[in-house]
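Chain residues, written in single-letter form:
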Amino acid sequence: MVDIEAWVWWLVAAAGLGIPLVLTAMPEFGMMAAGAIAAAIGAALGLGGVAQVLLFVAVSVALIAVVRPIAARHRDERPQLATGTDALKGRQALVLERVDAEGGRIKLAGEVWSARALGPDEVFEAGRQVDVVEIDGATAIVM
């Protein structure tokens, strides 16, 4: 049987860690695969077995400790650019037809929208500027 060098085993370990990365979408496996690649480089440069394992652990832990919080912060951030109906919230609109709790029409972002007042007693006459609070289906809720 042929002796396989340590760096090859580390590359096999890196590939093995890549499989659950793809199947589970857990980035920690990718970071450990990077640690295995670092250990393979260390083995190719002649480091001993203990040094290779320490290099694997150090790189893996460092990547998990540094990259994971950054990724979590980016995942939790709200997008900077609002799109779709989210982009319409907070904008001003022009009342085209009287708007009350039952309905009405406004011009919002160059388009005519059905609208209704936020409060049950609020009434907005034609020509008045209103603020869009929410979009409910195809109806703008205004105040």
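Anyway, here's the lowdown on the structure attached to this text. In this text the structure is predicted, and so the values were computed from the model without any measurement. (Residues numbered from 1 in each chain as written. Predicted model: local features only at pLDDT ≥ 70, side-chain atom pairs only at ≥ 80, totals over all residues. Heavy atoms only, no water.)

Overview of the overall build of the protein
Part 1 of the reasoning: Each helix and strand in the protein was counted, giving three helices and five strands.
Part 2 of the reasoning: When the helices and strands of the protein are listed from N to C terminus, the series reads α-α-α-β-β-β-β-β.
Part 3 of the reasoning: Here the C-alpha radius of gyration of the protein, 29 Å, is well above what a compact globule of 143 residues would show, namely 15 Å.
Part 4 of the reasoning: With the principal axes as the frame, the protein shows a C-alpha extent of 90 × 25 × 25 Å.
Part 5 of the reasoning: Out of the 143 residues belonging to the protein, those deemed buried represent 27%.
Part 6 of the reasoning: When contacts within the protein are restricted to residue pairs at least 6 apart in sequence, long-range pairs at least 24 apart make up 49% of them.
Part 7 of the reasoning: As presented, the protein carries roughly 9400 Å² of accessible surface, and 62% of it is formed by carbon and sulfur atoms. (Helix = DSSP H or I, 4+ residues; strand = E, 2+ residues; numbered from the N terminus. Rg over C-alpha atoms; globule rule 2.2 N^0.38 Å. Buried < 20%, exposed > 50% of the residue type's maximum accessible area, 1.4 Å probe, protein only. Contact = heavy atoms within 4.5 Å. Areas by Shrake-Rupley, 256 points an atom, 1.4 Å probe, with all protein chains shown as cover.)

Concerning the packing of aromatic side chains
Part 1 of the reasoning: Within the structure shown, the criterion is met by one aromatic pair.
Part 2 of the reasoning: Plain terms: the ring middles of tryptophan 10 and phenylalanine 56 are 5.4 Å apart, the flat faces sit at 35° to each other, and that makes the pair tilted. With a gap of 46 residues between them, tryptophan 10 in helix H1 (residues 6–24) and phenylalanine 56 in helix H3 (residues 49–76) connect regions that are remote in the sequence. For the pair formed by tryptophan 10 and phenylalanine 56, the shared burial category is buried. (Phe/Tyr/Trp six-rings, centres within 6.5 Å; stacked < 30°, edge-to-face > 60°.)

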